[in-house]
Amino acid sequence: MDLLLLSNSRTHGYGYLEHVRDEITEFLAGATDLAFVPYALRDHDGYTATVTDALRPLGVTVTGVHTAADPVAAIEAAPAVFVGGGNSFRLLKTLQHTGLAEAIPGRVRSGTLRYMGASAGTNMACPTLRTTNDMPITEPASFTALGLVPFQINPHYVDPDPSSTHMGETREQRITEFLEDNDVPVLGIREGGLLRVRDGAARLGGVRGARLFARDAQPRELAPGDDVSFLLSGTPRFDAAA
């Protein structure tokens, strides 16, 4: 498989996808056609136009799958797909409804389709939706996502702020709650960070690191460039209370 999983598509001080332009260029490696999945936002045309404008300087032609009479056929014909961010519940429900929840992982696992995701699109690469930050504005058929990696990712991971007066749960506390009922590692990738999976190896990239959470273990700090290939060999266990 060939995956480029971004924590976010917008970083302060940069234009849309500008902070990962070099990584996208390397990821596409000469492929000039990209299928874009805009289902995480309501305005599919506007979202596709944003991606088109961002990738035009790279010589990439972007086609929104929502414009195809058959979205599955559009995916079958594409060399690469980008699943954009937005609301993960809306995105997963539409992937299930259109048949893309089955079509995309089949081609990605065969090595014939490169997969790029950002935020909600990165959540889709996980086994389940259970570690998203999003509000459940709509109800998918299940929380089962594409399962391209055997662990969970929490995009936009935010470290606890010891000076904050906010009394709600921190992101770390919410992930700890997840681990109480699920024996699955969670990779919290900070904004500006990314995960590259290729040829059976996984490595962190971007300008910021990540924090790895696992049951019965202290959180582990990871930096850009760190090899996390060991995560690819795990077996997730959901609904397995500690």
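Source: prediction; values computed, not measured. (Residues numbered from 1 in each chain as written. Predicted model: local features only at pLDDT ≥ 70, side-chain atom pairs only at ≥ 80, totals over all residues. Heavy atoms only, no water.)

Examining the overall build of the protein
1) Next: Scanning the protein from N- to C-terminus turns up 7 helices and 11 strands.
2) Next: Here the protein has a C-alpha radius of gyration of 17 Å; the compact-globule value for 242 residues is 18 Å, and the two agree.
3) Next: In terms of overall dimensions, the protein has a C-alpha envelope of 45 × 40 × 35 Å along the principal axes.
4) Next: For the protein, with 242 residues in total, the buried portion stands at 48%.
5) Next: Here the contacts in the protein between residues at least 6 apart in sequence split such that 70% fall between residues at least 24 apart. (Helix = DSSP H or I, 4+ residues; strand = E, 2+ residues; numbered from the N terminus. Rg over C-alpha atoms; globule rule 2.2 N^0.38 Å. Buried < 20%, exposed > 50% of the residue type's maximum accessible area, 1.4 Å probe, protein only. Contact = heavy atoms within 4.5 Å.)

Description of helix α1 (residues 21–28)
1) Next: Among the residues making up α1, those that are buried are Ile 24, Phe 27 and Leu 28. Buried residues of α1, seen end-on, are gathered within an arc of 90° and therefore sit on one face of the element.
2) Next: Packing partners of the buried residues in α1 comprise β1 (2–6), β2 (33–37), α2 (44–55), β4 (80–83), β5 (114–118) and β8 (193–198).
3) Next: Directly after α1, the chain includes Ala 29, whose backbone phi takes a positive value near 45°. (Arc of directions from axis to C-beta.)

Any functional reading would require information beyond the geometric quantities listed.
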